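# Coordinate analysis (summary)
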Amino acid sequence: AQSVTQLDSQVPVFEEAPVELRCNYSSSVSVYLFWYVQYPNQGLQLLLKYLSGSTLVKGINGFEAEFNKSQTSFHLRKPSVHISDTAEYFCAVYRGSGDKLTFGTGTRLAVRP
Amino acid sequence: DVKVTQSSRYLVKRTGEKVFLECVQDMDHENMFWYRQDPGLGLRLIYFSYDVKMKEKGDIPEGYSVSREKKERFSLILESASTNQTSMYLCASSFRWGDSSYEQYFGPGTRLTVT
């Protein structure tokens, strides 16, 4: 069974600083990986996804993530954050059946001026 | 633009009441999902439906049931609400086939408080 670990529950960072949100997964089969973002008082929206091909995936709002099969990781990065990036970020892995996803516990990114 | 709407943003109910949470999507998606979101626990799947009148239990189905009479509508039912069902409930939908089937579209959520 697939599982997802987000090691950091909260990440405080100053505006214009770089940030990395960590995600590790466990799976015995090929995986599809996702990052979703949840802005305050809103539902989740897809930030980026890895299905196959290039291991560096670019998403919306300047975010990117790198799929690392040997380390079973899919960390999310942004070189320079804005106040508007303050949100909760969820990593997710496709379970391999029924189109269901397994979500991590989320990382709250707090960007300070 | 995909739209998933939920009937209420905030709901307050009493213990023992029957509660209906409604979700509607306008993208002709086959799959629909109900999750609950709790701090420190992330999103947990309650129920899932891949077709009209079809349903599958997720990870935490106890205390919940669902109904899907029409393709665009998926209802979550709390037969007898309890305080431990106080949570944020999120509905999502997706296509069933092809690469896009892995991308789920979410509604804004319903924050349910059971007193």
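### Overview of the overall build of chain A
Per the secondary structure count, chain A includes zero helices and 12 strands. For chain A, the N- to C-terminal ordering of α and β elements is β-β-β-β-β-β-β-β-β-β-β-β. On C-alpha atoms alone, chain A measures out to a radius of gyration of 13 Å, which is about the 13 Å that the 2.2 N^0.38 rule sets for 113 residues. When its C-alpha atoms are laid out on the principal axes, chain A stretches across 40 × 30 × 20 Å. Out of the 113 residues belonging to chain A, those deemed buried represent 50%. Summarising the internal contacts of chain A: among those between residues at least 6 apart in sequence, 54% fall at separations of at least 24. Of the roughly 5,400 Å² that chain A leaves accessible, carbon and sulfur atoms contribute 49%. Chain A carries 10 positive and 9 negative side-chain charges, and their two centres are separated by 7 Å.

### Looking at the pairing of strand E7 (residues 64-70) of chain B
In the sheet, E7 of chain B pairs with strand E8 (residues 73-78) of chain B via five bridges, with the strands oriented antiparallel. For Val-66 of chain B, the partnering residue across the bridge sits in E8 of chain B and is Leu-76 of chain B.

### With respect to the pattern of salt bridges
Using the criterion set out here, one finds 14 salt bridges over all chains in the structure. The salt bridge partner of Glu-66 of chain A is Arg-77 of chain A, with a shortest N-O separation of 3.2 Å. Here the residue Glu-66 of chain A occupies a position in strand E8 (residues 64-68), and Arg-77 of chain A occupies one in strand E9 (residues 73-78), the gap between them amounting to 11 residues. Residue class for Arg-77 of chain A comes out partly exposed when judged on its relative accessible area of 25%. In this structure, the salt-bridge partner of Lys-71 of chain B is Asp-28 of chain B, at a minimum N-O distance of 3.0 Å.

### Brief notes about the side chain of Ser-49 of chain B
Residue and element names in this part refer to chain B. Take Ser-49: it is sitting in strand E5 (residues 42-49). Judged by relative accessible area, which is 0%, Ser-49 ranks as buried. Of note is the side chain of Ser-49, whose polar atom sits 2.6 Å from the backbone oxygen of Met-54. Engagement of the side chain of Ser-49 in a polar contact is seen with the side chain of Arg-68, the distance being 3.0 Å.

### With respect to the state of the cysteines
Enumeration according to the criterion identifies two disulfides over all chains in this entry. One disulfide in the model links Cys-23 of chain A with Cys-91 of chain A; its S-S distance is 2.0 Å. The S-S bond linking Cys-23 of chain A to Cys-91 of chain A shows a torsion near -65°; that makes this disulfide left-handed. Of the two residues, Cys-23 of chain A sits in the loop between strand E3 (19-21) and strand E4 (24-26) while Cys-91 of chain A sits in strand E10 (residues 87-94), which places them 68 residues apart along the sequence. There is no split in this pair, since Cys-23 of chain A and Cys-91 of chain A are both buried. Linked covalently through their sulfurs, Cys-23 of chain B and Cys-91 of chain B form a disulfide whose S-S length is 1.9 Å. Across the disulfide from Cys-23 of chain B to Cys-91 of chain B, rotation about the S-S bond amounts to roughly -75°, and the bridge is consequently left-handed.

### Considering the interface of chain A and chain B
In this assembly, 22 residues from chain A lie in contact with 25 residues from chain B. Viewed at the interface, chain B and chain A are joined by two salt bridges. We note a salt bridge from Glu-103 of chain B to Lys-49 of chain A, for which the minimum N-O separation is 3.4 Å. Applying the counting rule to chain A against chain B returns four residue pairs in polar contact (both at pLDDT 80 or more). Mapped onto the side of chain A that touches chain B, the elements with two or more residues apiece are strand E5 (33-38), strand E6 (44-50), E10 and strand E11 (101-103) of chain A. Counted by class, the side of chain A that touches chain B contains 10 nonpolar, seven polar and five charged residues.

### Observations regarding the sheet that holds E7 of chain B
Residues and elements named next belong to chain B. The sheet built from four strands is open, its strands ordered E1-E3-E8-E7 with antiparallel pairing. Edge strands, defined here as strands with exactly one partner in the open sheet, are strand E1 (4-6) and E7. On average, adjacent strands in this sheet sit at an angle of 20° to one another, irrespective of strand direction.

### Concerning the packing of aromatic side chains
Residues and elements named next belong to chain A. Here the structure, examined in full by the defined rule, presents 14 aromatic pairs over all chains. Measuring from ring centre to ring centre gives 5.4 Å for Phe-63 and Tyr-89, while their planes differ by 45°; the resulting arrangement is tilted. One end of the pair, Phe-63, is in the loop between strand E7 (56-58) and E8; the other, Tyr-89, is in strand E10, and 26 residues separate them in sequence. Each member of the pair Phe-63 and Tyr-89 is classed as buried.

Reading the values: the criteria
- Residues numbered from 1 in each chain as written.
- Chains lettered and ligands numbered in written order.
- Predicted model: local features only at pLDDT ≥ 70, side-chain atom pairs only at ≥ 80, totals over all residues.
- Heavy atoms only, no water.
- Helix = DSSP H or I, 4+ residues; strand = E, 2+ residues; numbered from the N terminus.
- Rg over C-alpha atoms; globule rule 2.2 N^0.38 Å.
- Buried < 20%, exposed > 50% of the residue type's maximum accessible area, 1.4 Å probe, protein only.
- Contact = heavy atoms within 4.5 Å.
- Areas by Shrake-Rupley, 256 points an atom, 1.4 Å probe, with all protein chains shown as cover.
- Lys, Arg positive; Asp, Glu negative; His and termini not counted.
- Charge placed at Lys NZ, Arg CZ, Asp CG, Glu CD.
- Pairing = 2+ DSSP bridges.
- Salt bridge = Lys/Arg side-chain N within 4 Å of Asp/Glu carboxyl O.
- Polar contact = N/O pair within 3.5 Å; in protein donor to acceptor, adjacent residues only side chain to side chain.
- Disulfide = S-S within 2.5 Å.
- Nonpolar A, V, L, I, M, F, W, Y, C, P; charged D, E, K, R; others polar.
- Axes fitted to C-alpha atoms, helices over the stretch in contact; angles between N-to-C directions.
- Phe/Tyr/Trp six-rings, centres within 6.5 Å; stacked < 30°, edge-to-face > 60°.

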